[in-house]
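# Notes for the structure review
This is what each chain is made of:
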Amino acid sequence: MPSIKSCLFILLTGIVILGLSGIPFLTLFDGIPLAHDLPDHLAYSRQFENGWSEGVIYPRWHAELNYGWGEPTGVFYPPLLYSFTSAINKLFQPGLLVSLFIALGLFSFIGTLGVFLLGKTLGSLKAAWLAALLFVLFPFRYFELHASGLFSQFAASNFLPWLILCLWRIQRSTSSDSLLSKAIPLALTYALIILTNLPLAVMSTYLIAAWFIGSSLLKRSIGLLFPTLVGGLIGVGISSVYLLPAILELPHLHIPHSESTPLYQSNFIFQSEGSWMAEGLQSLFQRLGIFSILPFASALIFLLLAYKLAKSTIRQGVYFLLLPLLIFSVFSFFLLTPSSEFLWQYLPFLQQVNMPWRFLSVLSAPGAVLAAWVCVEILALFIKAQWKLTVNLVTIGVLIPLILGIGVIYFLLNNSIEDMNGRGKLSQEPALLRSFTQRTAFFLPKDAGDPEQLKTHPMVIVKTPGTEVQVEEQTPHKRTFRVKGDEVSQVVFRIFHFPGWVAECKTHSETFKLEVKKDPAHGRIALSIPEGEHEIVLRFEDTLSRLAGWGISLLSLLLTGVGAFMKKGSGVKEVVNEEKPELELV
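Below you will find a few notes about this structure.

Scoring rules and cut-offs
Residues numbered from 1 in each chain as written. Predicted model: local features only at pLDDT ≥ 70, side-chain atom pairs only at ≥ 80, totals over all residues. Heavy atoms only, no water. Helix = DSSP H or I, 4+ residues; strand = E, 2+ residues; numbered from the N terminus. Buried < 20%, exposed > 50% of the residue type's maximum accessible area, 1.4 Å probe, protein only. Contact = heavy atoms within 4.5 Å. Areas by Shrake-Rupley, 256 points an atom, 1.4 Å probe, with all protein chains shown as cover. Polar contact = N/O pair within 3.5 Å; in protein donor to acceptor, adjacent residues only side chain to side chain. Patch = residues over 30% accessible without salt bridge, like charges linked within 9 Å, V, L, I, M, F, W, Y side chains within 5 Å. Salt bridge = Lys/Arg side-chain N within 4 Å of Asp/Glu carboxyl O. Lys, Arg positive; Asp, Glu negative; His and termini not counted. Charge placed at Lys NZ, Arg CZ, Asp CG, Glu CD. Pairing = 2+ DSSP bridges. Axes fitted to C-alpha atoms, helices over the stretch in contact; angles between N-to-C directions. Expected span 1.5 Å × (residues − 1). Left-handed = near helix turned anticlockwise from the far one by under 90°. Core = buried A, V, L, I, M, F, W, Y, C linked by side-chain atoms within 4.5 Å. Phe/Tyr/Trp six-rings, centres within 6.5 Å; stacked < 30°, edge-to-face > 60°.

## A word on the overall build of the protein chain
Each helix and strand in the protein chain was counted, giving 22 helices and 15 strands. Of all 586 residues assigned to the protein chain, the portion counted as buried reaches 53%. Counting contacts in the protein chain only where the partners sit at least 6 residues apart, residues at least 24 apart contribute 76% of the total. Accessible surface computed for the protein chain: about 25800 Å², of which carbon and sulfur atoms make up 65%.

Below, the structure is given as structure tokens:
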């Protein structure tokens, strides 16, 4: 049983990490940053809240979008951030805007804790605390939070340090550990990333592949393949409730940018020509890119000096934890630049990331840990007076400029980013929600008309003379109408047609289904209703792919539970000194 002293230390550590994770949110006291995508995320969260109010566990149809024509946003956009935000608002009712930033703050705590543990595993407590501080101040995280409003990407990036820890756990596991015990932590982390932000999930997939290839080449073994592959597959299985319908129902969607030049071609940093970005924004990304070079370049230089000058080798455990950090950093930075365009053209799904500068988000956790590790290791060597003159020169020429440079860049970039789009008040929440519902969104069903031109259309259009239609109930996932006609009535509704909409016709004696057709004029739902007086109920339900996704997710979670209780091996071979890895002379 842990001692009282240990419990107090853990509690105090948690409190300090919680305080650190809240640093990027301190400026909220000066007003809400009017980030570019803030209305989108508020609207998505509101649709989840509305769906839950009518008993829908996983709301996939967002009825308020496109001037009330609706859109299947919930089918294609990962649900975790919005369900979390809605749950906070349902439980504590602080308002949707406050709930969104509380949710982002909790995600920030998860990421800061992960970086702290990663830094402690690689180095000492000093490195862990410094890494945590650098992580929360990483400029691109400020850009996501205060300027662009890439909130789901910000949230998902907080699982990346845990993903690296899972990879290292597989790296250092012993042969006596069961396959599932190795794979399950990776599976859960990977699933959380998929369920939070799909572009980051695609990026993480390629980074996991790069880590596996690099590790296997160095170990001259493919023993890492099976736990990595099994973990990835179980993670996909857990997230199938979202992922399977999103993939299978994509052909029913109209994606405007897919018909033009791919976005990635104009979104590289250090791009001399062909960028869509204004000069100021391009300059900002280039500064962020230059900053992202510093941590892993410093780590590589330090490793080279350690080997050449001290004739030493890094202890194996430290080396293999440095490996995923360096692979994540170097490969991510390469994919940021135009030199990687050939990969963007041919690697599957990479173009769905859209903007190569998204990889700056991946660099935040490994960059913070590598920078902290270099600083602490060089400082330790300086204190021990090893390498004599060389260490002094490196300290003066590398360590001090690195720390000062990082501090200056953090300060200048973060201050310039915080107020890029101005600030608003909590009272602006209704206006922000309204601003999103009154514009064309992204996930338009195929053959849908232009919502801007259709915004004045009535709820129901009757094409058969003499037919009377009365709206009785209207919720996001259900509409009820009373229809009365002397002949078969042709009626179209102010709802875009998409798989999942079903129609029931209720009479005094029976209830039967009607065929849901697509009106060729604007892609609306059209029904042929029998003569007489009927109650017509339109509901948005789960399709076969959505039901299959539920089933696969539940089976995967069951497998995860079984694996968690399976007997683990005798223990993990500890290859890293808990206090600080040192250089061993050969």
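## With respect to the side chain of Ser 364
In this fold, Ser 364 is placed in helix H18 (residues 364-384). Taking the relative accessible area as the measure of exposure, Ser 364 reaches 1% and is therefore buried. Among the polar contacts listed, one links the side chain of Ser 364 to the backbone oxygen of Ser 361, at a separation of 2.8 Å. Not counting the four nearest positions on each side in its chain, Ser 364 is found in contact with Phe 135, Phe 138 and Arg 141.

## Regarding a negative patch on the surface
Taken together, the side chains of Glu 468, Asp 486, Glu 487, Glu 531 and Glu 533 make up a negatively charged region of the molecular surface. Considering the arrangement of structural elements, one finds Glu 468 in strand S7 (residues 468-475).

## Considering the sheet that holds strand S14 (residues 532-540)
Strand order across the open sheet formed by five strands is S7-S8-S14-S10-S11, with antiparallel pairing between neighbours. Across the chains shown, the open sheet's two edge strands, defined by having one partner strand only, are S7 and strand S11 (511-514). Each strand of the sheet is rotated relative to its neighbour by a mean of 25°, with strand direction disregarded. Relative to S11, strand S10 (residues 501-506) runs antiparallel, the two sharing four bridges. Bridging from a neighbouring strand, Lys 506 pairs with Thr 511 of S11.

## Quick word on the sheet that holds strand S9 (residues 489-496)
Read from one edge to the other, the open sheet built from four strands follows the order S6-S9-S13-S12, with strand pairing classed as antiparallel. At either margin of the open sheet sits one strand with a lone partner, and together these are strand S6 (460-462) and strand S12 (517-519). Across the sheet, the mean angle separating the axes of adjacent strands is 35° when strand polarity is ignored.

## Some details on unusual backbone geometry
Of note in this structure, Tyr 67 is not a glycine but carries a positive phi near 60°. Within the fold, Tyr 67 resides in the loop between helix H2 (38-53) and helix H3 (73-76). Exposure remark for Tyr 67: the relative accessible area of 17% places this residue in the buried category. Backbone geometry places Phe 349, a non-glycine residue, at a positive phi of 70°. We classify Phe 349 as exposed; its relative accessible area is 60%.

## Notes on helix H10 (residues 179-194)
Compared with the 22 Å implied by 1.5 Å per residue over 16 residues, the 22 Å span of H10 between its first and last C-alpha is a close match. Counting buried positions along H10 yields twelve of 16 residues, so the element is predominantly enclosed. Residues of H10 that are buried in the fold lie against helix H8 (151-157), helix H9 (160-172), helix H11 (198-219), helix H12 (225-238), helix H13 (240-248) and helix H22 (544-565).

## A short note on H12
In this model, H12 (14 residues) spans 20 Å end to end at C-alpha, consistent with the 20 Å of a helix rising 1.5 Å per residue. Every buried residue of H12 is listed here: Pro 227, Thr 228, Gly 231, Gly 232, Ile 234, Gly 235, Gly 237 and Ile 238. Contacts from the buried residues of H12 go to H9, H10, H11, H13 and H22.

## Re the pattern of salt bridges
Per the counting criterion, the structure on display carries 14 salt bridges. For Arg 46, the salt bridge goes to Glu 49, with nearest N and O atoms at 3.2 Å. One end of the pair is Arg 46 and the other is Glu 49, both in helix H2 and three residues apart, which spans about a single turn. As a salt-bridge pair, Glu 429 and Arg 46 come within 3.6 Å of each other at their nearest N and O atoms.

## Remarks on the packing of helix H5 (residues 96-122) against helix H6 (residues 125-136)
For the pair H5 and H6, interaxial distance at closest approach is 7 Å and the crossing angle is 145°. In this structure, H5 meets H6 at a crossing whose hand is right-handed. Counting all contacts with H5, which are made through Gly 111, Thr 112, Val 115, Phe 116, Gly 119 and Lys 120, the residues of H6 involved are Leu 125, Ala 127, Ala 128, Trp 129, Ala 131, Ala 132, Phe 135 and Val 136.

## Comments concerning the nonpolar core
Side chains of a nonpolar character, in soluble globular proteins, are inclined to be buried together. Leu 38 and Trp 357 are the most contacted members of the largest nonpolar core, which has 139 residues in total. Broken down by element, the residue count for this core peaks at ten residues, all from H5. Beyond its immediate sequence surroundings of up to four residues, Trp 357 is in contact with Phe 140, Phe 143, Leu 150, Asn 267, Ile 269, Met 277, Phe 285 and Leu 336. Among the nonpolar cores identified, the runner-up in size contains six residues, and Leu 180, Ile 184, Ala 187 and Ile 238 belong to it.

## Some details on the packing of aromatic side chains
Here the structure, examined in full by the defined rule, presents 32 aromatic pairs. With 6.2 Å between their ring centres and 90° between their planes, Phe 48 and Trp 52 make a pair best called edge-to-face. Here the residue Phe 48 and the residue Trp 52 both occupy positions in helix H2, the gap between them amounting to four residues, near one helical turn. We classify Phe 48 as buried; its relative accessible area is 3%. Since its relative accessible area comes to 27%, Trp 52 is described here as partly exposed.

Remember that the coordinates give geometry; whether it matters functionally is a separate question.
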